[in-house]
Amino acid sequence: MTHIPTPDTPFVPPVITGTDDRAALDVLFRSLVDVCRRHQPELEAVLQGQADLAGMSPELTARALQVQGIWFQLIAIAEQNTAMRRRRHVERTEGRDHLKNSFSAVLARAAARGVPPETVHQLLGSLRVRPTLTAHPTEAKRVTVLEKFRRIYLILKELEMPRWTERERHALMDDLRDQIELVWMTGELHLEKPTVDREVAWGLHFFDETLFEMLPETLVSLEEALRSAYPGARTAEVPAFFQFGSWIGGDRDGNPFVTAEVTRRTLRRNALASLRRYRDGLTGLGRTLSISERALPVPDEFRAALARQLALQPDGDAIARRNPGEPYRQFLTCLRRRLDATIAGLAEEPAGDAACPGYADADDLIEDLRSLERGLAEAGCPPLAGNMVRPVRRMVEIFRFSTVRLDIRENTTRTTRALQALWRREQGGEPPDVDAPAWTDWLETELARPLDGLPDLADLPEEAQETLRTFRLVAEMRGSLDREAFGAFVLSMTHSVPDILGIYLLAKTAGVFLDAAGVEVCPLPIVPLFETIDDLRAAPAIMRALLRIPVVRRSARRQGGVQEVMIGYSDSNKDGGFVAANWELAKAQRLLTQVGEEAGIGIAFFHGRGGSVSRGGAPTARAIAAQPPGSIRGRFRTTEQGEVVSFKYANRGTAAYQMELLASAVLDHALDDDAPAANPEIDDVMEALSGASRAAYARLLTHPDLVTYFGAASPLDEIALLNIGSRPARRFGARSLADLRAIPWVFAWSQNRHGITGWYGVGSGLRSLLDVRGEAGRALLRRMFAESRLFRLIMDEVEKTLLTVDLDLARAFAALCPDEDAREAIFGMIEAEYRLTCAMALEVSGAPTLAERFPLYRGRLTERLPVLNQVSREQVDLLRRFRAETDEARRETLKSALLLSINCVATGFGATG
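Residues numbered from 1 in each chain as written. Predicted model: local features only at pLDDT ≥ 70, side-chain atom pairs only at ≥ 80, totals over all residues. Heavy atoms only, no water.

Q: Teacher, can you tell me more about the overall build of the protein chain here?
A: Per the secondary structure count, the protein chain includes 35 helices and eight strands. Whereas a compact globule of 913 residues would reach a radius of gyration of roughly 29 Å, the protein chain reaches 29 Å, a difference of no more than 12%. Judged by the C-alpha coordinates and their principal axes, the protein chain covers about 85 × 80 × 65 Å. Burial status across the protein chain gives 59% buried among its 913 residues. Considering only residue pairs separated by 6 or more positions, the protein chain has 80% of its internal contacts joining residues 24 or more positions apart. (Helix = DSSP H or I, 4+ residues; strand = E, 2+ residues; numbered from the N terminus. Rg over C-alpha atoms; globule rule 2.2 N^0.38 Å. Buried < 20%, exposed > 50% of the residue type's maximum accessible area, 1.4 Å probe, protein only. Contact = heavy atoms within 4.5 Å.)

Q: Looking at this structure, I do not really get the packing of helix H8 (residues 196-229) against helix H14 (residues 382-399). What am I missing?
A: A pair of packed helices can be characterised by two numbers: the angle between their axes and the separation between those axes. In the contact formed by H8 and H14, the axes pass within 10 Å of each other and the chain directions differ by 105 degrees. If you check the angle between H8 and H14, you find them roughly perpendicular. Contacts from Phe207, Leu211, Phe212, Leu215, Pro216, Leu219, Val220 and Glu223 of H8 reach H14 at Arg390, Pro391, Arg394, Met395, Ile398 and Phe399. Counted by class, the contact of H8 with H14 contains eleven nonpolar, no polar and three charged residues. (Axes fitted to C-alpha atoms, helices over the stretch in contact; angles between N-to-C directions. Parallel < 35°, antiparallel > 145°, perpendicular 65-115°, else oblique. Nonpolar A, V, L, I, M, F, W, Y, C, P; charged D, E, K, R; others polar.)

Q: Whenever I open this one, the pairing of strand E3 (residues 405-411) confuses me. Can you help?
A: Both faces of the sheet carry side chains from a regular strand, because those side chains alternate between them. In terms of burial, E3 is a largely internal element, seven of the seven residues being buried. Neither face of E3 is exposed, since Arg405, Asp407, Arg409 and Asn411 on one face and Leu406, Ile408 and Glu410 on the opposite face are all buried. The pairing of strand E2 (residues 245-246) with E3 spans two bridges and is parallel. Among the inter-strand pairings, Gly245 is bridged to a residue of E3, identified as Arg405. Inspection of the sheet shows E3 paired to strand E4 (residues 486-492) by five bridges, in the parallel sense. (Pairing = 2+ DSSP bridges.)

Q: Mind showing me how you'd approach the side chain of Glu397 here?
A: On the secondary structure map, Glu397 appears in helix H14. In terms of polar contacts, Glu397 uses its side chain to reach the side chain of Arg370, at 2.8 Å. Setting aside residues up to four positions removed in sequence, Glu397 forms contacts with Glu237, Ala240, Ile366, Arg370 and Arg405. (Polar contact = N/O pair within 3.5 Å; in protein donor to acceptor, adjacent residues only side chain to side chain.)

Such coordinate-based values are descriptive only and should not be taken to indicate function.
Next comes the structure, spelled out in structure tokens:
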């Protein structure tokens, strides 16, 4: 922070301009120092980088850590503000076609390659992009704090405006300081573990603040880019191809707090969020469209539509008298009344008028808004129809009566127990082993047998009843709430075809199938999740067998001719290491794509990514470009977790950019006919690298002292005290490494500055290849670095991760392990592999220093590392003292400081798990 100007000089709030972040950082730093001086002046030295935290009391240390965490948040806000200014600068000076990863750039390239507009429109008809918000415990910031940081971002935007006087700019600065002061005085840490209901509120916060407004504008941006790239071509309205999914309130995998009743509440809250936004839209239109029929003739078709709406109202004549001669206002009053009745029914509140019918589903409201658009357009006002009514209609098409498409997720352990309970009730005795042919025969027989009404659940064990109640909820809410209220059923820990068939049987038993007999079509997509290396390797054979089963084929055709498959980045990395996971994920996608082609049913991939690179986090456009050719074809789903959600969607400009970035990357991949085909020579090298790196990683994972070392030399157990998610850190409460979820695994290794999940084994893999192939191998690796998108992405992210590792700090954390033999053995392995990986990365890139080709990244890290390193050193001391303290009051004080240190490091690196 030493480059920040001292706040003692006379200061006039500047107009924040240009393409660097110095002015924004100066404004934020001065405001934070002012707040610090007002409340705890002794901490100003901390901000100036001149304080020694080691000599402070635990209470003052906690405050120091909080102020450093606030500064990291303010740096991130300044960087987002600067990134937006840079994008505007490029668009203003060079044109939108030169704005990297924009729709305009992608379509301009396609047009230049001779891709006809018909091809683009055909692709847009099948395009499906769905980022999916998850409630994985990786977001440490409370909603109330997120709101204050958003206000700070908005004030920075205001300071970009040259119209303000000096007096007005000082008033903005006062507001900025007030918001920072409120953050200072608001506890950032959750004092208790959040409930699922609070997680639902956290997810809906982003829709209320940004997404309801900005996602329709993303579609408009694409339509404008189409007109620019293909002038004179016929333009059609872009379909609502981009929607959001969610796991919040539906993910019961290892989370006992997500029940059928919780999911029911979640669905209602999701629906109410969108319905209330539509009501605001209709209210605004009603105020605005005060068009008199004397000034504008009313088309006969619209007059008939108005008559039908007035006839549905118990006081239709009064509505007409209240707005005489204003047919469009009368029409909107009727629509709003019906929407109010729908909201009242969902909220279980008394309706304003019980005789007024609500909307059966979103399609009815969409059609009414289309009638309004046509009425205005046919009356000679197409601009009013397009600029005012169409955005509301597009919002309803995107978000429907559900806001998100809620996925249900469960693991095979729970679903198998429910199926075994059904066996015992129907067959008597103990069921066969799930791998036995008799089990598969029973599943297939039951799927073929027509239902004779829905079975009673009362005599089943409570756990089985709860599982089947969830499926019954799917059947109920798809019919009564919205046909797109649910996205899919995601089956974690899928190992076999019977695992998946069992879900079809549970859905049938609960009445989810479209036909009463339950033998034809399941409308709920059943999505197997392949997570470990072994499961990824088994996936092609499993899906080949599955897609031969008639009910699966019929259901896939009903769902657009596509079978979705989810692949897990987190557990595959935890299982096999960074290189092996990336290679096995690429191979699985390539082979599964071939399986789909052979079966005549496309395979669409749902990418289970996290925020950090070792859980699949990587630059969006490059990560999508590195996917195997033909594996996307315009359909892309990915998880958005924890701090990634707030980073991407907390502010409107950033949200618009992130959505366009994702959608344009998918479009570009689908249009890209220059993508390199599979290269047997490169595949052979990747296979060798994967095997050698995995072997090195396995030696570490299977070392008998690793669990002891990891628990002592990291804040693994203390992370659970952060209360950043409703879900337990372990699926089944065991203490084994295998049962530990991938999120705390990654989180703890990043906190103790080892960072092994993003690089361990890479050096050994590369060294092994060079030992075998010599100079020819070195030349091949250099060629792969230049030509292979996947290998280049791997090496780029490895180098970035290596920059976050600090061996001195890692050694300090290692000293927390009291077992000297374990400490020396494990840390010795990590240190040796780190040095080897650094050397091998430079050998491949030919650069003199790590990540030299990423100056912005290095600059951001350089800004943060001095403070991060200081906080890490303090965390080591706090861990030692917290674990040794026996007095409960002093232990609680130490815990607060320790958790703030964990939060601060996570904020500084921009990722937890």
